[in-house]
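If you want the building blocks of each chain, they are given just below.
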Amino acid sequence: MSMTSSAALQQFKTQVGIKFQLYNSLFTSLPFHRIEKTGILLSLLQSNCEEGYRKKQSPVEIIDEFFSRHTSYTSDQEKLDVMFRFVQYVERQVVLFDALEDAAFRDVNDMSGVGTLKHLENEVSVSKKENELAEKLKDFAVRLVLTAHPTQFYPGAVLGIINDLSRAIAENNVGQINTYLQQLGKTPFFKKQKPTPYDEAVSLIWYLENVFYQAAGRILSFMKSQFADEVSGDNPVIHMGFWPGGDRDGNPFVTAATTLKVADALRGSIIKCYYLDVRKLRRRLTFEGVEASLQELEKKLYNNIFIPDQRTDISQQEILDTLKEIRHTLIYQHNSLFVNLVNQLINKVELFGLHFATLDIRQDSSVHGKVLADIAAQTDALPKNYVDLPLEEKINALTGISKTVDPEVFEDLLVKDTLQTVSVIKSIQQFNGEQGCGRYIISQCNSALNAIEVFALFLLNGWKPEDIKVDIVPLFETVEDLLQAETSMRALYTNPVYSAHLKRRKNRQTIMLGFSDGTKDGGYLMANFSIYKAKEDLTRISREYGIDVVFFDGRGGPPARGGGKTHKFYSSLGKNIANKEIQLTIQGQTVSSNFGIIDAAQFNIEQLIHAGISNDLFSDLSITMDIKEASLLQELAQSSYEAYTDLRDHPYFLEYLGHASPLRFYAETNIGSRPAKRGASGRLALKDLRAIPFVGAWSQLKQNVTGYYGVGSAMKKMDEAGRLGEVKRLYRHSAFFKALMDNCEMAMRKCYFPLTAFLSNHPVYGEIWNRIYNEYELTKQYIFSLSGKSELMADYPVEQLSVQMRERIVLPLTTIQQYAITRVRELDEKLIQQSPEKNSYEKLVMRCSFGIINAGRNSA
């Protein structure tokens, strides 16, 4: 362990570990009903769990023994009451732990260390690569896209408490800490109703206002001061994207009206931020020549927020012109006094414009197909036999559209809304600027036709081809779609109409790649390798046609959905993959855990900027996988795919997950506006099941199948062929493969098989449990062989300890959840459909999910 990581570990033990014990004891003295008794009983249950699993007891045996040994409760109602109190208590312990980690962020992470902009400054200076940096920064950017994926189990009020609590902890203000813990005790964690898409948007706008506005502003100010000649005013390096209100894939509650309302909220929110900053500036800039223009700007911003009927036209350029004029006056008439404050605001206006974040539109390709079929059937804008035309003729018919259609003539709400959404984009661009809404993403995209269909929707809406200032973004998700991606893009690049559209978009094509469905479909190694290979192929073909390709990664929180140590992937991609921009989704839990406070957001954005720049400026060719290494990784991916699909296609695979995990209760958590599965059929099918509940259910089961399954089998096959030495060489030489294995270790570190070991002898599901457990043990054995370590995550001691502490905090919850699932099953087997007792156990299962997933920080 290096000196820096051992110092960080010591800081973590002091600032988080010891303080957790200290403040945790404050809980028992809070003025709440029976709280002291709850705290004492919970610590007894914790010991019972640890001791019970060592003795190979089941969760039911542990809970039953706990009640008979430590309480006098005999009725189910009394026991349920205590277990619900345990859930509430543990939930609040997790909040305390989150707040402690946030408060200790600066002490535990080196804000000037490896991967930061300070580090980049030193690297550029030593290697004298200022010119190369200037060239790179002309068009390089990081785009963080906040999505409404339902993985955020904290309600907004609790996120606010975490924020305030971490500040009080950092200031060692015990009085305030005590007050916030009392507030926490009174604040409900469970939402009685599902949020609307607009509610989801408002929750994420809070992060834009309170975190990203400050963090991104700080970063751009630093870059302009340290790399004054290299940073171009035309490219602010950081772009924010936004999905709530624009993402209608599988979410019937997002309509054109919602999209417009969210765009208006984003505009109002950024103007409010500028208004508050201008007010602060006025307190400092009390000089002649600047006061009047600043006052005029403040008035215009105020009218835009608070007096809709007096809303004056205001543009990003107008705000910038006013501020630059003020800056000029300060420099030449007032000795540059406070000029840094004006520069900071200019930087923010350059970053966020009047849009704050680009609102992306996303819809499933099958919807566009249905809409166009209806248009062909009901109007003369398309040939009547459109649906039966061969592929080429369909594309010709769509690109040759000359008639427009009125959305109002259609009775089908989906057709009407799809057409209205296209016209809403024009309104948003008018008010929020072109960046306000400039991308249309097609999920489940499996051919060039799917992209042309979206282009046709714009023509049908009356847009002239030259006015379509929107990027059409295909999203390839499944292993099959990734294999076909090159063919699809070649067909698009060679289509004259689409090619002309790209020319107007500066010959830049964004392609989105989805990690979640790929992992669900093909397992961990195959999904990641398929995306790596698709990026190489798409880069090659795009260069062939003179197109700058930009990859947009649909990444979730856990390694199984493309999360984990994300920046390590971007710094390891090598020269064969386009690196114009780093674009990725930041989903639910990841927003609060990696970007929940300004310091963490700044640190993590800097890591991504550094990864993208260093990949071009400082990585030598050796980081790029050669043909032999790529071929070896392909063999490993193929073997792991075979092992995973063998499990996936087991007749009882999904039944096992439904039997043992809280999967069936996911929809009742009320954390997201969209349904847990696509389609309305009653029967559960893997294709319809959303990746989030699928991965989240494995995570709560503490088996994390999608984060490692197949890896051990693939390595065993290599070992048996006498080729393990080749895999070890790949681990040492390929930064990409090392990053893959690091993430695999993180997923495995969060597994705990004693929790479900009672299923190992189950007459139906025992076989599946044993297969998963054996694969886990096999993978662990080979990872130790590669790393030379004897513990998972040994290279990351701080994170290793954090995971260990968090898993220990929620052990009583995972045990209670398994106990409750078993009780629900027993009542099902007695054919009891509904009873107060069954309803209570079902609610208990669902309530445990909150604490378990919140503790995992990137579990869903």
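The residue numbering used here restarts from 1 in each chain and proceeds along that chain's sequence as written. Only residues with pLDDT of at least 70 are given local features in this predicted model, and only at 80 or more are side-chain atom pairs given and counted; all residues enter the totals for whole chains, interfaces and linings. As a rule here, side-chain values come from all non-hydrogen atoms in the structure, and water together with hydrogens is ignored.

Asks: In this structure, what is going on with the environment of V424? I would like to understand it.
Replies: Going along the chain from the N terminus, every DSSP run of H or I of four or more residues is numbered as a helix, and every run of E of two or more is numbered as a strand. Relative to the assigned elements, V424 resides in helix α17 (residues 413–432). Whether a residue is buried, partly exposed or exposed follows from its accessible area with a 1.4 Å probe, protein chains only, as a fraction of its type maximum: under 20%, in between, or over 50%, in that order. Under the relative-accessibility criterion, V424 is labelled buried at 9%. Between the alpha carbons of V424 and D360 there is a distance of 12 Å; along the sequence they are 64 residues apart. Contacts: residue pairs with any heavy atoms within 4.5 Å of one another. V424 has contacts with A256, T259 and L260, leaving out every residue within four places of it along the chain.

Asks: Please clarify how the packing of helix α6 (residues 117–127) against helix α25 (residues 598–617) should be interpreted in this entry.
Replies: Two measures define how a pair of helices packs: the angle their axes make with one another and the distance between the axes. Running from N to C, α6 and α25 point in directions that differ by 25°, and their axes come no closer than 9 Å. It follows from the interaxial angle that α6 and α25 lie roughly parallel. Within the contact between the two elements, α6 uses L117, H119, L120 and E123 and α25 uses E606, I609, H610 and I613. Each residue receives one of three labels: charged for Asp, Glu, Lys and Arg, nonpolar for Ala, Val, Leu, Ile, Met, Phe, Trp, Tyr, Cys and Pro, and polar for the others, Gly being one of them. By residue class, the composition of the contact of α6 with α25 is four nonpolar, two polar and two charged. All axes are obtained by fitting lines to C-alpha atoms, using only the stretch in contact for helices, and the reported angles, taken between N-to-C directions, cover 0 to 180 degrees. Between 65 and 115 degrees an angle is taken as roughly perpendicular, under 35 as roughly parallel, over 145 as roughly antiparallel, and anywhere else as oblique.

Asks: Hey, could you run me through helix α35 (residues 836–856) in this one?
Replies: In an α-helix, one turn spans 3.6 residues; hence positions three or four apart end up facing the same way. The terminal C-alpha atoms of α35, which comprises 21 residues, lie 31 Å apart, in line with the 30 Å expected from a rise of 1.5 Å per residue. Counted residue by residue, α35 has 16 buried out of 21 residues, so it is predominantly covered. Remark: R857 follows α35 within two positions and exhibits a positive phi of approximately 60°. Helix span, as expected, comes to 1.5 Å for every residue beyond the first.

Asks: Would you mind showing me how to read the packing of aromatic side chains here?
Replies: For any two aromatic rings, the description comes down to two numbers: the centre-to-centre distance and the angle of the planes. Here a Phe, Tyr or Trp ring, Trp counted by its six-membered ring, pairs with any other such ring whose centre lies within 6.5 Å, and the pair is stacked when the planes are under 30 degrees apart, edge-to-face when over 60, and tilted otherwise. Applying the stated criterion across every chain yields a total of 32 aromatic pairs. Their ring planes at 70° and their centres at 6.3 Å tell us that Y819 and Y841 sit as a pair that is edge-to-face. Taken together, the residues Y819 in helix α34 (residues 811–829) and Y841 in helix α35 connect sequence positions 22 residues apart. Per residue, the accessibility class of Y819 equals that of Y841, and both read buried. Ring-pair connections join several aromatic residues into one group, and the members of that group are Y652, F653, Y656, F694, W698 and Y765. By the criterion adopted, a ring carries a charge over it if an Arg CZ or a Lys NZ lies within 6 Å of its centre and within 35 degrees of its normal. Lying over the aromatic face of Y198, K261 brings its terminal NZ or CZ to 4.1 Å of the ring centre.

Asks: Before we go on, may I ask you to explain the pairing of strand β2 (residues 238–242) in this structure?
Replies: In summary, the side chains of a regular strand alternate between the two faces of the sheet. Among the five residues in β2, five count as buried, and that is most of the element. Bridge count between strand β1 (residues 141–147) and β2: five bridges; the pairing is parallel. Residue pairing for β2: V145 is matched across the bridge by G241. What makes two strands pair is DSSP finding at least two bridges between them. Examined bridge by bridge, β2 and strand β3 (residues 358–359) share two bridges and lie parallel to one another. Bridge pairing in β3 links F242 to L359.

Asks: Looking at this structure, how should I read the sheet that holds strand β4 (residues 361–364)?
Replies: Strand pairs in the sheet, formed through backbone hydrogen bonds, run parallel or antiparallel to each other. Strand order in the open sheet formed by nine strands is β3-β2-β1-β9-β8-β7-β6-β5-β4, and the pairing between neighbours is parallel. Strands at the two margins of the open sheet, each flanked by one partner only, are β3 and β4. With seven bridges joining them, strand β7 (residues 508–514) and strand β8 (residues 548–554) adopt parallel strand pairing. Bridged to L513 within β8 is D553. On the sheet, helix α15 (residues 365–378) packs against β4 and β5 (439–443) and is oriented at approximately 75° with respect to β4.

Asks: What should I look at first to understand the pairing of β1 in this one?
Replies: Along β1, seven of the seven residues are buried, which leaves the element largely enclosed by surrounding structure. The alternating pattern of β1 places A141, R143, V145 and T147 on one face and V142, L144 and L146 on the opposite face, and all of these are buried. Relative to strand β9 (residues 581–587), β1 runs parallel, the two being bridged by seven bridges. Counterpart to R143 in the pairing with β9 is Q583.

Asks: Could you clarify how one ought to interpret helix α30 (residues 724–733) in this entry?
Replies: Buried residues of α30: L724, V727, L730 and Y731, and no others. All buried residues of α30 project into a common sector of 115° when viewed along the axis, lining one side. Directions drawn from the helix axis to the C-beta atoms are what define this arc.

Asks: What am I meant to see in the confidence of the model for the chain here?
Replies: Parts of the prediction with low pLDDT should not have their coordinates interpreted in detail. Scored between 0 and 100, pLDDT is the confidence that the predictor attaches to each residue. Per-residue pLDDT for the chain has a mean of 90; in total, 93% of the residues score no lower than 70. Low pLDDT, under 50, characterises residues 678–682; the predicted model gives this stretch nine contacts beyond four residues in sequence or across chains.

Asks: Looking at this model, I keep getting lost on unusual backbone geometry. Mind explaining?
Replies: The general pattern is negative phi for most residues beyond glycine and trans for most peptide bonds. Residues other than glycine seldom take positive phi values, yet N172 does so here, at roughly 55°. Unusually for a residue other than glycine, K702 sits at a positive phi of about 60°. Tracing the chain through its elements places K702 in the loop between α28 (691–700) and α29 (711–720).

Asks: Quick question: what am I supposed to make of the environment of L827 here?
Replies: Examined against the element boundaries, L827 turns out to sit in helix α34. The exposure class of L827 is buried, given its relative accessible area of 7%. Between the alpha carbons of L827 and K838 there is a distance of 6.9 Å; along the sequence they are eleven residues apart.

Asks: What is the right way to look at the packing of helix α4 (residues 76–103) against helix α33 (residues 797–809) in this model?
Replies: The N-to-C vectors of α4 and α33 enclose an angle of 165°; their axes lie 10 Å apart at closest approach. Relative to α33, the element α4 is oriented roughly antiparallel. As α4 runs across α33, the sense of the crossing is right-handed. Residue-level contacts link V90, Q93, V94, F97, D98 and E101 of α4 to S802, M805, R806 and I809 of α33. The class makeup of the residues in the contact of α4 with α33 is five nonpolar, two polar and three charged. For any helix crossing, the convention is left-handed if the near helix is rotated counterclockwise from the far helix by under a right angle, and right-handed if that rotation is clockwise.

Asks: Teacher, can you tell me more about the nonpolar core here?
Replies: The nonpolar side chains of soluble globular proteins are, as a tendency, buried together. Working definition of a nonpolar core: buried Ala, Val, Leu, Ile, Met, Phe, Trp, Tyr and Cys residues. They are joined through side-chain atoms within 4.5 Å. In terms of nonpolar packing, the biggest core is built from 266 residues, with F242 and F737 touching the most fellow members. Look past the residues within four positions of F737 in its chain and what remains in contact with it is L633, L636, M715, V727, L730, Y731 and L786.

Asks: Which parts of the structure should I look at to understand the pattern of salt bridges?
Replies: Should the charged atoms of two oppositely charged side chains come close, the side chains can pair. Any Lys or Arg side-chain nitrogen found within 4 Å of a carboxyl oxygen on Asp or Glu counts as a salt bridge. Evaluated as defined, the whole model comprises 59 salt bridges. Between R490 and E544 there is a salt bridge whose closest N-O contact spans 3.1 Å. Taken together, the residues span a long stretch of sequence, with R490 in helix α19 (residues 479–493) and E544 in helix α22 (residues 524–544) at a distance of 54 residues. One connected set of salt bridges, linked through shared partners, spans E486, R490, K533, D537, R540 and E544.

Asks: I tried to follow the environment of F306 on my own but got confused; where do I start?
Replies: Structurally, F306 can be placed in helix α12 (residues 291–306). Of the residues examined, F306 reaches a relative accessible area of 45% and is grouped as partly exposed. Put simply, F306 and K843 are 537 residues apart on the chain and 43 Å apart in space, counted from C-alpha to C-alpha.

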